[in-house]
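# Close look at the chain arrangement
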Amino acid sequence: MIVRTLEQVAAMAGGEAAGAGAESVTVTGVCTDSRSVRPGSLFVPIVGPRFDGHRFVEESIAGGAAAALWQADRGRPPAGLPIIVVDDTLRALQRLAAAYRSSLGAKIIGVTGSNGKTTTKDMVHAVLSMTMRAEKTQGNLNNHIGLPLTLLSVTENADAAVLEMGMSARGEISELSRIAAPDIVIVTNVGEAHLETLGSRLEIARAKLEILDGVKEGAVLVYNGDEPLLDQVLEERRQADKLPPRLSIIRFGEGERNAAGRPNDVYPVSVRMDGLATRFVLNDSGREYVLPLPGRHHALNAAAAVAAARALGVKEEAVSAGLASLKPSGMRVEPVHIPGVGLVLNDAYNASPTSVKAALRLLEDMPGRGRKIAVLGDMLELGAEEARLHGEIGKMLTPRTADYVLTYGPLAKHIAEAAAPNYERGCVRWYADKAELARDLSRMAGPDDVILVKASRGMSMEDVVNGLKDKDAAGE
């Protein structure tokens, strides 16, 4: 993590050091939450519509922070404390991160996309960790605050850092890219998330490819060649002379060519499920890779991770070992074995039409002697098309995919209504009350069943998974 004198930090953040003993203060790390202050850290008080971190500056320094930023328009800073006065604390945090990044020798890999970016980040990190000192975004620190904090936590002797980049509007990925200055960038796909704010999938594609705005000269772009909108936006950028100099491009996809006949560079030639693992072979290697993660769609994310690792010179043996050692982030198709209940696939972290369809294909592929139960909640941020998109999920559901379909939330009602004609009475149920769904599921689940739980983050469907765990703990 960053270790600098207060005067150095002030220069990097574009501020002015003040307060008693400022010249002798050393900063070790950065935080924005007064509850997570560590000895020696720099506290950055963020200002928002309904909060102001400046209220906690004195408390943070008393709790061990070495110093704090202070926004000039917030009045006089506390007297006698080591303070850096800046024009805007958020912008100063971002300037500090960008300056620190420029001092790092680590290769930076940026990952974005509508779906799969966290899992792909985890895959790239797992592979690089076989031969390098590699670090990655922890949790969901992928926005205009989280990414700078992640960069500032990277150790100075790291060889690589894999950074996830999220967005909800145009311009946000561009800002993150300019801070991180990536050497390699990955765009996993273009889905329907953020249709509510961006209006169309084309605008989402434009937003995702903003990741090129800050890349280093000679950077590598790894992107989903099966998505024609990414090709369209790349051509727009080419015509406008907005492609980075000496950019190398690697296309990954499901097959040798996409629907338009354009070739992909890396693609699976075989994919098979083996219990809770996925085995696949890529076109340019006879080696079979093993992912300890169920789902054919993960082979596609892995193809992107392999391409990025190869661009950094990682050998095939290390690639294979890294994928096999993968420990994905929680609630991303997380297998949970619950005695008396069965196997729960906890995919409750987030959802979009693309990711729900992939999860349902996984459920259909899962072997087992018992029943398959799909528990689906609302997919949020889909804008004016939300009812139609939920209905499309319902229409694809048949007893071949799931024996029972349980849905929760006002939008998920459209899933149930569209699925009902494909099922016998009682096999499709809609709930307005999540607790009632959890109780019914707990009563009906058996030890050989496979249960998929999938919804947008705002629906907190992990409550259903926790309810099943409670059933087992109570011995019911």
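For clarity, every value in this text was computed on a predicted model and none was experimentally measured. (Residues numbered from 1 in each chain as written. Predicted model: local features only at pLDDT ≥ 70, side-chain atom pairs only at ≥ 80, totals over all residues. Heavy atoms only, no water.)

### Description of the overall build of the chain
Applied cut-off: The secondary structure listing takes helices from DSSP runs of H or I that are at least 4 residues long and strands from runs of E that are at least 2 residues long, numbered from the N terminus. The globule rule used here is 2.2 Å times the number of residues to the 0.38 power, and the radius of gyration it is set against is calculated over C-alpha atoms. Here's how the labels work: a residue is buried when its accessible area is under 20% of the maximum for its type, exposed when over 50%, partly exposed in between, all with a 1.4 Å probe on protein chains only. Contacts are assigned to residue pairs that have any heavy atoms within 4.5 Å of one another. In this description, accessible areas are obtained by the Shrake-Rupley approach with a 1.4 Å probe, and a residue is regarded as covered only by the protein chains that are shown.
Broken down by element type, the chain carries 16 helices and 24 strands. Against the 2.2 N^0.38 benchmark of 23 Å for 476 residues, the chain shows a C-alpha radius of gyration of 24 Å, consistent with a compact globule. Along the first, second and third principal axes, the C-alpha set of the chain runs to 75 × 50 × 40 Å. Per-residue burial for the chain yields a buried fraction of 56% across its 476 residues. At a minimum sequence separation of 6, the contacts of the chain that also span at least 24 residues come to 66%. In the form shown here, the chain has an accessible surface area of approximately 19,500 Å², with 48% of it arising from carbon and sulfur atoms.

### Here we look at helix H10 (residues 297-311)
Which entries qualify depends on this criterion: Given the number of residues in a helix, its expected span is that number minus one, multiplied by 1.5 Å.
Between the first and last C-alpha of H10 there are 22 Å, a value that for 15 residues agrees with the 21 Å anticipated at 1.5 Å per step. The buried count for H10 comes to twelve of 15 residues, which makes it a mostly enclosed element. Within H10 the residues assigned to the buried category are His298, Ala299, Leu300, Asn301, Ala302, Ala303, Ala304, Ala305, Val306, Ala307, Ala308 and Ala309. Looking one or two residues beyond H10, the residue adopting positive phi is glycine 313, at roughly 85°.

### As for the sheet that holds strand S4 (residues 30-31)
Cut-off, in case you're wondering: Two strands are counted as paired when DSSP detects at least two bridges linking them. Axes here mean lines fitted to C-alpha atoms, for a helix over just the part in contact, with angles spanning 0 to 180 degrees between N-to-C directions.
Strand order in the open sheet made by the five strands is S2-S9-S8-S5-S4, with mixed pairing throughout. Strands with a single pairing partner mark the edges of an open sheet, and in this sheet they are strand S2 (16-18) and S4. One ladder, built from two bridges, connects S4 with strand S5 (residues 42-43); its direction is parallel. Bridging from a neighbouring strand, valine 30 pairs with leucine 42 of S5. Of the strands in this sheet, S2, S5, strand S8 (67-71) and strand S9 (83-86) touch helix H1 (residues 6-13), which is tilted by about 10° from S9. Where helix H3 (residues 89-103) meets the sheet, its contacts fall on S4, S5, S8 and S9, and the angle it forms with S8 comes to roughly 130°.

### Observations regarding the environment of arginine 332
How we decide: Pairs of N or O atoms within 3.5 Å make up the polar contacts considered here, provided that, within protein, one atom can donate a hydrogen while the other can accept it, and that residues adjacent in sequence are counted only when both atoms are side-chain atoms.
The topology assignment puts arginine 332 in the loop between helix H11 (316-324) and strand S19 (334-338). What makes arginine 332 buried here is its relative accessible area of 13%. One polar contact links arginine 332 to threonine 118, side chain to side chain, over a distance of 3.1 Å.

### Points about the sheet that holds strand S10 (residues 107-112)
Taken in spatial order, the six strands make up an open sheet running S11-S12-S10-S13-S14-S15, and their pairing is parallel. Two strands in the sheet have a free side with no partner beyond their single neighbour: strand S11 (134-136) and strand S15 (248-252). Between one strand and the next, the sheet's axes are offset by a mean angle of 15°, whatever the strand orientation. Where helix H4 (residues 117-128) meets the sheet, it contacts S10, S11, strand S12 (160-164) and strand S13 (184-187), and its direction lies at approximately 175° from that of S12.

### Here we look at the packing of aromatic side chains
What describes a pair of aromatic rings is the distance from one ring centre to the other and the angle between the planes of the rings. What counts, and what does not: Two rings belonging to Phe, Tyr or Trp (six-membered ring only in the last case) form a pair when the distance between their centres is within 6.5 Å. Interplanar angles under 30 degrees mark stacking, angles over 60 mark edge-to-face geometry, and anything in between is tilted. We count a charge as sitting over a ring when the NZ of a lysine or the CZ of an arginine lies within 6 Å of the ring centre and within 35 degrees of the ring normal.
Counted under the stated rule, the structure contains one aromatic pair. The ring of tyrosine 349 is capped by arginine 332, whose NZ or CZ atom sits 3.6 Å from the centre of that ring. Against the face of tryptophan 430 rests lysine 413, its NZ or CZ located 4.7 Å from the ring centre.

### Some words on unusual backbone geometry
Positive phi, normally seen in glycine, also occurs at glutamate 381, with a value near 65°. With relative accessibility at 39%, the residue glutamate 381 sits in the partly exposed group. Of note, the phi angle at serine 460 is positive, near 50°, even though the residue is not glycine. Its location among the elements puts serine 460 in the loop between strand S24 (450-454) and helix H16 (462-473). For serine 460, a relative accessible area of 24% corresponds to the partly exposed category.

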